[in-house]
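Read off the chains here:
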Amino acid sequence: MTIESDATYDIRAVLGKMREEYWQGLADEETVSEELLECLVFRLGGERYAFETQYACEVIRIPRLVRVPQVQELIAGIFNLRGEITAAVDVRPMLGLKQPELAAGARVIVVRSDTFATGILAEAALGVQGLSFENFEPCLHGAAGGGQQYVRGHFNDEGGAIVLLDLQALLSSPEMVVGEA
């Protein structure tokens, strides 16, 4: 085997071209990267809603709910979640939404605040999605009617609007605490 010393290509030119392609690739990646908010997207009142995944613990099928007398109407019942009694809450009235009967695909989204865990009834859990801040429009809080105090804004994507909930405000509202409303 012999190595030809007078190669038909210029190694410096090849390395220079590789360097340019490498840096161009990095520049392309930087322009493509956008800031995303990782959210759990679900359906309420026929509309898509979301909140940050940091609040979500799990999504489960609706278990057998036990009605509790003399509590707020939005508490649909309680259930046993691995030995912990958890309230199932229907937040649709707080958001000014219609309340159609929950179908077989309905889910409970278990969320945790600083002080307690609860289950939010949802018509469907659509999954975790990265939502681009480029498509975000903040909510202009005017009158507090229709649950606007619990909405941070909305994202516009190819499937329509996704309303971003302020879950911290929702979970700390007096209606969510037994005996407070």
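So, how was this worked out
- Residues numbered from 1 in each chain as written.
- Predicted model: local features only at pLDDT ≥ 70, side-chain atom pairs only at ≥ 80, totals over all residues.
- Heavy atoms only, no water.
- Buried < 20%, exposed > 50% of the residue type's maximum accessible area, 1.4 Å probe, protein only.
- Helix = DSSP H or I, 4+ residues; strand = E, 2+ residues; numbered from the N terminus.
- Pairing = 2+ DSSP bridges.
- Phe/Tyr/Trp six-rings, centres within 6.5 Å; stacked < 30°, edge-to-face > 60°.
- Contact = heavy atoms within 4.5 Å.
- Axes fitted to C-alpha atoms, helices over the stretch in contact; angles between N-to-C directions.
- Patch = residues over 30% accessible without salt bridge, like charges linked within 9 Å, V, L, I, M, F, W, Y side chains within 5 Å.
- Areas by Shrake-Rupley, 256 points an atom, 1.4 Å probe, with all protein chains shown as cover.
- Salt bridge = Lys/Arg side-chain N within 4 Å of Asp/Glu carboxyl O.
- Core = buried A, V, L, I, M, F, W, Y, C linked by side-chain atoms within 4.5 Å.

Asker: Hey, could you run me through the pairing of strand β4 (residues 75-81) in this one?
Answerer: For a regular strand, side chains alternate in direction, first toward one face of the sheet and then toward the other. The buried fraction of β4 is high, at five of seven residues. Strand direction decides the pairing type here: β4 and strand β5 (residues 84-89), joined by six bridges, are antiparallel. In the strand pairing of β5, Ile 78 is matched with Ala 87. In this structure, the hairpin formed by β4 and β5 is closed by a connection of two residues, where Arg 82 is found at a positive phi of approximately 50°.

Asker: How should the packing of aromatic side chains be read in this particular structure?
Answerer: In this description, a pair of aromatic rings is defined by centroid distance and the angle of the planes. Applying the stated criterion to the full structure yields five aromatic pairs. Members of the aromatic cluster, connected to one another through ring pairs, are Phe 42, Tyr 49 and Phe 51.

Asker: Where do I start with the environment of Pro 100 in this structure?
Answerer: Within the secondary structure layout, Pro 100 lies in the loop between β5 and β6 (107-112). In this structure, the C-alpha to C-alpha distance between Pro 100 and Glu 123, residues 23 residues apart in sequence, is 8.9 Å. Not counting the four nearest positions on each side in its chain, Pro 100 is found in contact with Arg 92 and Glu 123.

Asker: Sorry, what's going on with the sheet that holds β6 here?
Answerer: By definition, the strands of a sheet pair up through backbone hydrogen bonds, in either a parallel or an antiparallel sense. On the basis of which strands lie adjacent, the open sheet formed by five strands has the order β3-β6-β7-β5-β4 and mixed pairing. Strand pairing shows two members of the sheet lacking a second neighbour, β3 (56-61) and β4, which therefore form its edges. Looking at each pair of strands side by side, their axes are set apart by 30° on average, direction ignored. Direction of pairing for β3 relative to β6: antiparallel, over a ladder of five bridges. Each bridged residue has a counterpart across the sheet, and for Val 59 the counterpart in β6 is Ile 109.

Asker: Even after reading the chapter, I still don't get the sheet that holds strand β2 (residues 47-52), so can you show me in this structure?
Answerer: Strand order in the open sheet formed by six strands is β8-β1-β2-β11-β10-β9, with mixed pairing between adjacent strands. The outermost strands of the open sheet, each flanked by one partner alone, are β8 (124-132) and β9 (136-138). Sheet twist, expressed as the average angle between the axes of neighbouring strands with direction ignored, equals 30°. Across six bridges, the pairing between strand β10 (residues 151-157) and strand β11 (residues 160-165) is antiparallel. Note that in β11 the partner of Phe 155 across the bridge is Ile 162.

Asker: I would appreciate a short explanation of a nonpolar patch on the surface in the present structure.
Answerer: Residues Ile 11, Val 14, Leu 15 and Met 18 make up a contiguous nonpolar surface patch of about 360 Å² in total accessible area. Among the structural elements, Met 18 can be located in helix α1 (residues 11-32).

Asker: Help me understand the nonpolar core in this model?
Answerer: Considering soluble globular proteins, one finds that nonpolar side chains tend to be buried as a cluster. Within the largest apolar cluster, 26 residues are counted, with the highest numbers of intra-cluster contacts made by Phe 42, Leu 44, Tyr 49, Phe 51, Val 91, Leu 95 and Leu 167. Going through the elements one at a time, β1 (36-44), β2, β6, β7 (117-122), β11 and α2 (167-171) are the ones with two or more residues in this core. With near-sequence residues (within four places) excluded, Phe 51 lies in contact with Glu 38, Cys 39, Leu 40, Phe 42, Ala 56, Ile 109, Val 111, Leu 164, Leu 165 and Leu 167.

None of the figures reported here should be taken as evidence of function without further support.
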